[in-house]
Amino acid sequence: MNIPSLPLRQFLPARLAGATTGSPVQQAFRQAIGAVEELREQLRSLREQQAATRQAYWRQVGPLAAATVAARRALYEPLETALTSGYLSRAEAQQVAEVLWRNAHSLQERFGEEEAAILARYAPAPPPPDPVLPATAQTPTQTPAHEQAAATARERRQQRAQQARAAQARAADTEGQALLQNTKAAYRQLARLHHPDRAAQGDAATQQAQTELMQRITAAYSAGDLAALLTLLAETDSTASANSEEADALFGRYTAALAQQQVQLSQQLALARQPLDSAPWSGTEKQQRTRLRELKRSLRAETEYLLFLLRQLQEPATLRQLLRELAASGQAGF
């Protein structure tokens, strides 16, 4: 269910939103409305803060990352030209192909570039399979009993954990379906009650009021805002019903439906608050500044080194020298 970006209070009828009287059931309903609105506001504020942090990060790092990507892409042409020139030995050609593959892998994994074609073209050959020993030469090993018991216990724990996760997923799906059904049901009931066509012919003022109200109802439904729809429905039902017991039953049902949305919003808020250790903008403000300085310094140094390599790759002698240096250092790529 999508969470609307607009505050819930824009949909609330003034009398119900500000009311402090009513039965305990009606007061519980208003408290549920307030709880949903507070959770939604927390989620909206957190997402805005996180988006601003990411934008500030990319404004500072984006140009440096783009320069590094461009420098790595520039390596393709001289390396592929060297492969077709004929002056490389077989071993050197294999080494150049591996450099090309690792360069493409770095672009795809680190910077999100699409390098599937290069990766497929220069993918390293799979290692040969291990030789199968004759049956007479195989020496079966006996696992000690305590290790077997430990392995069995681990497998059972993993199975129980998987079953628990599956049960949670099924429960979440059931809650989501129930929430969606309640939202559709509330929208349909409101549409039947407040559609402009129900206004008397020639009553322009009523038709205009009904049209504006229907627009609010449609906006709340499009945003998946069950709380706003139930508030509008409760306002209608509470004024239309003279039976207090019947009104309390309606409010009780609405409050139960709102509890589902509170659970969903709480889950989304907890998920949004989880730190992303891999994200440079995660952590405290001091940690973010430190990571940002380190990353910018690293990207500048990498780009300078790649541009230096690009000049060296233009000549066969310097390319061979670079390949020898890579082999001597145990590295397979730039």
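Above this text you will find the structure in question.
First things first, this report covers the structure right here in the doc. (Residues numbered from 1 in each chain as written. Predicted model: local features only at pLDDT ≥ 70, side-chain atom pairs only at ≥ 80, totals over all residues. Heavy atoms only, no water.)

Overview of the nonpolar core
- Counting residues in each nonpolar core, the largest one holds 29 residues, and the members touching the most others are Phe29, Leu190, Ile217, Leu229, Leu230, Tyr254 and Leu258.
- Elements with a minimum of two residues in this core: α2 (24–74), α6 (145–194), α7 (204–222), α8 (226–240) and α9 (244–273).
- Here the element with the most residues in this core is α9; it accounts for eight residues.
- Residues contacting Leu258, with those up to four places away along its chain left out, are Phe29, Ala32, Ile33, Val36, Ala227 and Leu230. (Core = buried A, V, L, I, M, F, W, Y, C linked by side-chain atoms within 4.5 Å. Buried < 20%, exposed > 50% of the residue type's maximum accessible area, 1.4 Å probe, protein only. Helix = DSSP H or I, 4+ residues; strand = E, 2+ residues; numbered from the N terminus. Contact = heavy atoms within 4.5 Å.)

Topic: the packing of helix α4 (residues 90–111) against helix α11 (residues 316–329)
- Contact geometry of α4 with α11 gives a least axis separation of 11 Å together with a crossing angle of 75°. Our classification of the angle between α4 and α11 gives roughly perpendicular. On α11, the residues touching Glu92, Gln95, Val96 and Val99 of α4 are Arg320, Leu323, Leu326 and Ala327.
- When grouped by side-chain class, the residues that make up the contact of α4 with α11 number five nonpolar, one polar and two charged. (Axes fitted to C-alpha atoms, helices over the stretch in contact; angles between N-to-C directions. Parallel < 35°, antiparallel > 145°, perpendicular 65-115°, else oblique. Nonpolar A, V, L, I, M, F, W, Y, C, P; charged D, E, K, R; others polar.)

So, α7
- In this model α7 runs 27 Å from its N-terminal to its C-terminal C-alpha over 19 residues, within 8% of the 27 Å that 1.5 Å per residue would give.
- All of the buried residues along α7 are Gln210, Leu213, Met214, Ile217 and Ala220. What you see down the axis of α7 is that its buried residues fit within an arc of 120°, all on one side. In α7, those exposed residues whose orientation departs by more than 90 degrees from the buried face are Ala204, Ala205, Gln215 and Ser222.
- Gly224, located one to two residues past α7, shows a positive phi value of around 70°. (Expected span 1.5 Å × (residues − 1). Arc of directions from axis to C-beta.)

Overview of the environment of Gln288
- Looking at where Gln288 falls in the secondary structure, it is placed in helix α10 (residues 285–312).
- As a C-alpha pair, Gln288 and Thr53 span 235 residues in sequence and 9.7 Å in three-dimensional space.

Comments concerning a positive patch on the surface
- Among the surface-exposed residues, Arg154, Arg156, Arg157 and Arg160 lie close enough to one another that they form a single positively charged patch.
- Of note, Arg160 is situated in helix α6. (Patch = residues over 30% accessible without salt bridge, like charges linked within 9 Å, V, L, I, M, F, W, Y side chains within 5 Å. Areas by Shrake-Rupley, 256 points an atom, 1.4 Å probe, with all protein chains shown as cover. Salt bridge = Lys/Arg side-chain N within 4 Å of Asp/Glu carboxyl O. Lys, Arg positive; Asp, Glu negative; His and termini not counted. Charge placed at Lys NZ, Arg CZ, Asp CG, Glu CD.)

Considering the pattern of salt bridges
- Summed over all chains, the structure comprises nine salt bridges.
- The partner of Glu115 in a salt bridge is Arg73, with the nearest N and O atoms 2.7 Å apart. Taken as a pair, Glu115 in the loop between α4 and α5 (116–121) and Arg73 in helix α2 lie far apart in primary sequence, 42 residues in all.
- Between Arg102 and Glu98 there is a salt bridge, with its nearest N and O atoms 3.3 Å apart. Note that Arg102 and Glu98 are positioned in helix α4 at a spacing of four residues, about one turn of the helix.
- Taking relative accessible area as the criterion, Arg102 reaches 38% and is therefore assigned partly exposed.
- Among the charged side chains, a salt-bridge network with shared partners connects Glu41, Arg44 and Glu48.

Examining the layout of surface pockets
- Counted as a void, the second largest pocket has a volume near 240 Å³.
- In this structure, the second largest pocket is lined by eleven residues; those nearest its centre are Tyr57, Trp58, Ala65, Arg110 and Phe111.
- Where the lining of the second largest pocket is concerned, the elements lending two or more residues are α2, α4 and α10.
- Here the lining of the second largest pocket is composed, by residue class, of nine nonpolar, no polar and two charged. (1 Å grid on protein atoms, 1.4 Å probe; cavity = no way out; pocket = protein on both sides within 12 Å on 5 of 7 lines; lining within 4 Å. Points joined across faces, edges and corners; volume = space filled by probe spheres on them.)

Topic: α11
- Helix length check: α11 (14 residues) gives 20 Å between terminal C-alpha atoms against 20 Å at 1.5 Å per residue, within 8%.
- Among the residues of α11, those classed as buried are Leu319, Leu322, Leu323 and Leu326. Buried residues along α11 cover an arc of 100° about the axis, so they all sit on one side. Exposed and facing more than 90 degrees away from the buried side of α11 are Ala317 and Ala328.

So, to be careful, I would describe these as geometric facts and stop short of saying anything about function.
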